[in-house]
Amino acid sequence: MSQDIPTPPETTEALSFNPHDPRFVEEGIPFGTLARIRREQPIFEVAERTWYLSRFQDVSAALTDVETFRADLGLITGIPAGVAVIPEEQHYLSEIQEPRHKAVRRLITASMSSVRLKAIQPKLEEECHRLVDAMLAKPVANLHDDYAMAIPAFAMTRIMDLDDDAVGHFMRWSLDGTLMQRPMTPGVPPEGPASHIFFAEYLAHQRSLPKPSNDLMALLLDALIEGEPLTDAEIITQLHFMIQAGVHTTRSLLTHLVNRLVQDRDIWNAIAADPTKVPLFIEESLRRDSPVQRTTRRCTRDTEFNGAVIRKDDWVEMGIGSANHDEAIYDSPDAFQLGRSEPRKHLAFGAGSHVCPGAALARLEAQISVVTLLDRLDHMEMVEGATYPPLPGSLGHQAIPASLFAK
Ligand code: HEM
């Protein structure tokens, strides 16, 4: 029930690692190189004035030290170098400075409260069953397109109290690149990408009602921060960011889960025999196959950090994926094991004041999607001759073909 990755032979070859290497999507994460980095140069100088933190304790400490390592000074997605000024109302949650960040974040957290999660649970269950029905009608299902990809977009529309039409929009925007755009992105019309136009119309409609019919929109429209309501542009930016932050990431998690289930019958059998192990399966996947492998910070002052001198304005990559494989914390870190003593001890959702506010929603989607497969299927089989994407490495939207055997 574990997949050990062979330890690469000792080598004197110079260490080289680019945390943004696009090949990871197709070829998987080079865990052997990361192990060498943790061992030989744990605070690795990727390029001039750019560092990669590889050990659990360092990543955890730096994520928590938000005064020194600031998220809101990081790279602004969707804006090429040279476009320096972005109106504040186009700042995503992670880019907003304190103390406003905390106040806006409270609203996003409220939108995914346990009461709201409970309310969407039956709808998610129903959707997962519907997707399994559709997959069973095919000779070979594609667990990526037919299942993992469909669930997060659906869940996000239900959290936002939107109807079925929005599911198609969310799926499309998550594939066509527009989720990475802002109104300021060159080439994008001033009214913004498609999601901005959609939410602007939706908000205008909600405002025109005597009382908003949508609870989440009511929460955002009624909120006051330092006595002032949010502008529509701010609300739209945060709704857009919820889709950007929550759809790809959760799709990755679900893709990793189904990919592993189709490839590893021992794990399938273990959780089918004892479904109380499903949360262990999910947490181990989050740790071993972290959907978010890294996140960037900017250093605000000269500092000596565990022996390395990191200077003001240096870029610092938080190696979440490496930290989650740190041999100082985990036995056989590259192995996938259901029996870890502290299954939630990982940094897959980050740490500190930017820790993922969508973690409970992601876990709920994972739990329901796995349990539905276990409820409905006797087992799944790999398709002979098919190739399977690496674990982790699902953002390439590669197919996961499987033969499904109903109970
Ligand atoms: C498996 C699924 C997910 C993973 C692995 C994940 C991972 C993360 C990580 C690592 C961070 C911290 C980034 C940093 O510190 O720079 C983060 C932040 C965030 N996530 Fe998630 N996430 C997931 C699902 C979701 C979902 C479903 C939502 C729903 C809206 C969401 C919304 C956000 C937001 C808004 C932030 C920014 C928080 C802030 O800066 O205060 N995420 N996520």
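Cut-offs applied
Residues numbered from 1 in each chain as written. Predicted model: local features only at pLDDT ≥ 70, side-chain atom pairs only at ≥ 80, totals over all residues. Helix = DSSP H or I, 4+ residues; strand = E, 2+ residues; numbered from the N terminus. Rg over C-alpha atoms; globule rule 2.2 N^0.38 Å. Buried ≥ 20, exposed ≤ 12 C-beta atoms within 10 Å, placed from the backbone. Near = placed C-beta within 6 Å. Nonpolar A, V, L, I, M, F, W, Y, C, P; charged D, E, K, R; others polar. Core = buried A, V, L, I, M, F, W, Y, C linked by C-beta atoms within 7 Å. Contact = placed C-beta atoms within 7 Å. Pairing = 2+ DSSP bridges. Axes fitted to C-alpha atoms, helices over the stretch in contact; angles between N-to-C directions. pLDDT = per-residue confidence, 0-100. Expected span 1.5 Å × (residues − 1). Bend = angle between axes of the 7 residues up to and from the residue.

> Hey, could you run me through the overall build of the chain in this one?
Helix and strand content of the chain: 15 helices and twelve strands. Against the compact-globule benchmark of 22 Å for 407 residues, the chain has a radius of gyration of 22 Å, which places it among compact chains. Per-residue burial for the chain yields a buried fraction of 41% across its 407 residues.

> For this particular structure, what's the right way to read the site of the ligand?
Taken together, 25 residues sit near the ligand, with Ser94, Gly246, Gly350, Cys356 and Gly358 positioned nearest. Elements with a minimum of two residues in the shell around the ligand: helix H4 (100–111), helix H11 (232–263) and helix H15 (359–376). Among the elements that line the shell around the ligand, the one with the most residues is H11, at seven residues. Of the residues that constitute the shell around the ligand, the class distribution is 16 nonpolar, eight polar and one charged.

> Would you explain the nonpolar core in this entry?
Soluble, globular proteins show a tendency: their nonpolar side chains are buried together. Counting residues in hydrophobic clusters, the biggest one holds 90 residues, and the most contacted among them are Val59, Met156 and Val258. Considering every element that reaches this core, the biggest residue donor is H11, with 14 residues. Not counting chain neighbours up to four residues away, the residues in contact with Val258 comprise Leu143, Tyr147, Ala148 and Ile400.

> Any chance you could explain the sheet that holds strand S2 (residues 50–53) here in plain terms?
By definition, the strands of a sheet pair up through backbone hydrogen bonds, in either a parallel or an antiparallel sense. Taking strand neighbours across the sheet as the criterion, the five strands line up as S1-S2-S10-S7-S3 in an open arrangement whose pairing is mixed. What marks the edges here is a single partner per strand, and that holds for strand S1 (43–47) and strand S3 (69–70). Sitting on the sheet, helix H3 (residues 56–64) touches S1, S2, S3, strand S7 (295–299) and strand S10 (315–318), and the angle it makes with S10 is about 120°.

> Got a minute to help me understand the sheet that holds strand S12 (residues 401–406) in this structure?
Taken in spatial order, the three strands line up as S4-S12-S11 in an open sheet, and their pairing is antiparallel. The sheet is open, and its two borders are formed by strand S4 (141–142) and strand S11 (377–382), each paired with just one other strand. Bridging between S11 and S12 involves five bridges; their strand directions are antiparallel. Within S12, the residue paired with Leu377 across the bridge is Ala406.

> Just checking my understanding: could you explain the confidence of the model for the chain for this structure?
Segments scoring low in pLDDT should not have their predicted coordinates read at a detailed level. Summing up the model confidence of the chain, the mean pLDDT is 92 and the portion of residues at 70 or higher is 94%. Below pLDDT 50 for its whole length, residues 1–6 participates in 15 contacts with residues either more than four positions away or in separate chains.

> Would you take a moment to explain helix H5 (residues 114–136) for this structure?
Note on helix geometry: an α-helix contains 3.6 residues per turn, so any two residues three or four positions apart are oriented the same way. Given a rise of 1.5 Å per residue, 23 residues ought to cover 33 Å, and the 32 Å separating the end C-alpha atoms of H5 matches this to within 8%. Maximal helix bending in H5 amounts to about 35°, located at Gln121; proline Pro122 follows within four positions. Residues Ile120, Leu124, Glu127, Cys128, Leu131, Val132 and Met135 constitute the buried set of H5. Contacts made by the buried residues of H5 are with S4, helix H6 (144–148), helix H7 (150–159), H15 and S12.

> Could you clarify how one ought to interpret the pairing of S2 in this entry?
Side chains on a regular strand alternate between the two faces of the sheet. Here four bridges tie S1 to S2, and the two strands are oriented antiparallel to one another. From the neighbouring strand, Ala47 faces S2, where its bridge partner is Thr50. The turn linking S1 back onto S2 is made up of two residues, and Arg49 within it adopts a positive phi angle of 60°. Sheet topology places S2 next to S10; four bridges connect them, and they run parallel. Directly across from Tyr52, in S10, lies its bridge partner Glu317.

> Would you explain the pairing of S12 in this entry?
Bridging between S4 and S12 involves two bridges; their strand directions are antiparallel. Considered in S12, the bridge of Asn142 is made with Pro401.

> What am I meant to see in the environment of Leu63 here?
Structurally, Leu63 is set in helix H3. With 292 residues separating them along the chain, Leu63 and Val355 place their C-alpha atoms 8.7 Å apart. Among residues more than four places away in sequence, those in contact with Leu63 are Met318, Gly350, Ala351 and Gly352.

> Explain unusual backbone geometry here, please?
Glycine aside, a negative phi is what most residues show, and trans is what most peptide bonds show. Residue Pro99 follows Glu98 across a cis peptide bond; omega there is 0°. Topologically, Pro99 is positioned in the loop between S3 and H4. Along the chain, Leu391 connects to Pro392 via a cis peptide bond; the corresponding omega equals -10°. The topology assignment puts Pro392 in the loop between S11 and S12. For Glu226, which is not glycine, the phi torsion reads 50° and is therefore positive. On the secondary structure map, Glu226 appears in the loop between strand S5 (224–225) and strand S6 (228–229).

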